[in-house]
Amino acid sequence: MTHRIFYTKANILLSAAVSLLAVAFPVQAVAASSDSAATIPAAETVSPISSNPLVQQAQQEWQQRAAAANRAGEMFTLFSAELALDKNEPQTALAIYSVLFQRTHAPELGLRTIELIFSDDNLTLQKALAQAQQLMQSWQTWQPKPGVEQKKAQWLIDAAAGNVDAVVKNADSILASADDVEVKRVFLQLAQMSLRYPEKTAKFSESIHRLANAYPEQPEAVVSDALASSFSTLYDKQSNHHHHQDAVLALRRLLELDPDIAPPTGVTLGLIQNKTPDVLSAFFKQTDLTQLPLAWKKVYVGTQIKSNNVQGLYQQLQPLLQNNTNPEWLIMAAALLFKPGEPIDTGLLYLENAYLSGSPEQKNKAAVSAIAQLVEVKNFQAARSWLKRLDARQQRFDYLLMLALIQNGEGAKWQEIQSLLDEAARINPQGQVLGRKFLIELQQILLNTWQNDTVHTVLNRLISEAQNRKNNDELSLWLYQRGLLYADKLNQPQKAIADFRRFLSLNPGNPNGMNALGYTLLLQPKSGKEHAVNFQEATQLIEAAYAIEPQAAPINDSLGWAYFLNGDAKKALPYLRFAFSKMPNSEVAAHLGEVLWTLNQQEEAKQVWQQGLQLNDKDAVLLNTLKRFNVQRNTE
């Protein structure tokens, strides 16, 4: 989630253009700029030239026309700004509002300008904060005693900066003067603050819970409560149970308010599943699954699949499937039945029935699902038969992605496959089964199957294209991927470090970026002054990442290894044990085994190393560790 301010176009006109018409800024408040194109002087600069009543009346009428002309000019400028937003030109709109605010000092425009600053995806949070704070300093010189709009603007700045105590303290007064749209925005800001600063926000989750309870019919309020309460279970261990139950109750309320799962609710459920899956699990355990709306049933199934709790899930949902010809359920059942290495005939039968009885959209869903499953079992001929059921023109985006999936399985040249993805990238996926997110995920999957030189070539081009489009989200993703390629496969750590630093400049405070950079710095040459500097920075980065994501296995592995390299094997052990329990792989096994060996627990170290070899007997880190300790592979 970016540092976006959520707003509606209705509120835009209310807070900006309409306010100019209603309030009718007096002409004396408008200071003409030196480069203004207006040729009519401000009304107060005209001196009476006669005591003749007719002349004075004419002058007064002229002054009124001058004021009207100024207001009309401001209105035209505002509508130009909103038109720029419609054209997806936020920087143009921001520049217009900023200049207009500097000229008029109108509080409504100041608030709108700061909203736009935080809405501009081209600005990092750090840059947006600096720009908003600079504007606020000027505003405070014009208006030393803050009015309602200035207080709201300062509240937005505090929320973005993570000044949680100030945000919570002033939330009541901000809500007291807020309309319905602004209330939604306030709670969405509280939700975003929970995401950016979960540990800080955890200390105030009770206050957020209280604020949200005052708006029980507002989905955004319930979302903020669900997130704050859920994340608090990670940081406030003493009140863990209390926060856990608050989160479950918030999810129940969200179910009542949003049975169809609007996008903000979907994002919230996904975040809770990723960070605190036990909260979502408890919610579903306390809920009658048979009474759940279809959208929530899909979430339940998805969480069970993601958690690998699919054993018995099909049987659990079987009563819902009996005599149920709903195509959505048939497609869901097919997904549940699919298991690598097992026959897929029953699942394909469900998909066939869904295709025959479904709407056009459901037909396309069934086809896409069938193709994906058939590619997985390498039945490319049957996959191509299902591909023919997708309209190659109307469903062009879906068609290209599925064709790329098939061709990759068939062993086609990477250039042919990439050309399909490139064509799909130029298509608006609106109305398609799949979206741009799937395109990005498929690109990542395919990159993992190609040779390193090919991957390097493709990533360079993807980075260049993202830069040209000024798409910071995709630029960040591909920089991160290239950094991993440099670090893990091409043995070019300095280039990896440069990419990770650039990633963090676009995503300050991102725990994955801090962990990747920190771990790469840890592995630099272990001698000289530069190593000491690298090691200190690495440890600080990894500890900062851990503070944000204490449950992330890769971060625990990095932190444990940092402590071990600093000579504290005992301190390192619990982090590495946790990492290996959550993410058993050969490199973590190498780390954990070496720490155990150092602590004179050689037999357990050997067992861990053997487990690592079973996972990947070609891992260079693990093989080098075994060689250093003269430990032979277990050939039994």
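About the cut-offs
- Residues numbered from 1 in each chain as written.
- Predicted model: local features only at pLDDT ≥ 70, side-chain atom pairs only at ≥ 80, totals over all residues.
- Heavy atoms only, no water.
- 1 Å grid on protein atoms, 1.4 Å probe; cavity = no way out; pocket = protein on both sides within 12 Å on 5 of 7 lines; lining within 4 Å.
- Points joined across faces, edges and corners; volume = space filled by probe spheres on them.
- Helix = DSSP H or I, 4+ residues; strand = E, 2+ residues; numbered from the N terminus.
- Nonpolar A, V, L, I, M, F, W, Y, C, P; charged D, E, K, R; others polar.
- Contact = heavy atoms within 4.5 Å.
- Expected span 1.5 Å × (residues − 1).
- Buried < 20%, exposed > 50% of the residue type's maximum accessible area, 1.4 Å probe, protein only.
- Polar contact = N/O pair within 3.5 Å; in protein donor to acceptor, adjacent residues only side chain to side chain.

Asks: Sorry if this is basic, but what is going on with empty space enclosed by the protein here?
Replies: Gaps left between atoms show up when a probe the size of a water molecule is rolled over them. As enumerated under the stated definition, the model contains 2 cavities of 30 Å³ or more in all. The computed volume of the largest cavity comes to approximately 100 Å³. What lines the largest cavity is simply L111, E115, K152, W155, L156, I174, A178, E182, R185, V186 and Q189. Among the elements of the structure, α5 (107-119), α7 (148-161) and α9 (180-196) are those that each provide at least two residues to the lining of the largest cavity. Per-element tally for the lining of the largest cavity: the top contributor is α9, with 4 residues. When the residues that make up the lining of the largest cavity are grouped by side-chain class, the tally is 6 nonpolar, 1 polar and 4 charged.

Asks: Even after reading the chapter, I still don't get the environment of L280, so can you show me in this structure?
Replies: Take L280: it is sitting in helix α15 (residues 277-285). Along the backbone, L280 and G270 are 10 residues apart, and their C-alpha atoms lie at a distance of 9.6 Å. Once residues within four sequence positions are removed from consideration, L280 is found in contact with L251, L269, I272, Q273 and T303.

Asks: Explain helix α26 (residues 472-488) to me, please; I cannot follow it from the model alone.
Replies: For an α-helix, the turn length of 3.6 residues means that residues three or four places apart are oriented alike. For α26, built from 17 residues, the straight-helix expectation of 24 Å at 1.5 Å per residue is met to within 8% by its first-to-last C-alpha distance of 24 Å. Every buried residue of α26 is listed here: E474, L475, S476, W478, L479, Y480, R482, G483, L485 and Y486. At the N-terminal boundary of α26, the capping side chain belongs to N471, with an oxygen 3.3 Å from the backbone nitrogen of D473.

Asks: I keep staring at the side chain of S230 and nothing clicks. Help me out?
Replies: As for its placement among the helices and strands, S230 is situated in helix α12 (residues 219-235). One polar contact links the side chain of S230 to the main-chain carbonyl oxygen of A226, over a distance of 2.7 Å. Each residue touching S230, except ones within four places of it in the same chain, is listed here: A247, I272, T276 and V279.

The analysis is restricted to geometry; functional conclusions fall outside its scope.
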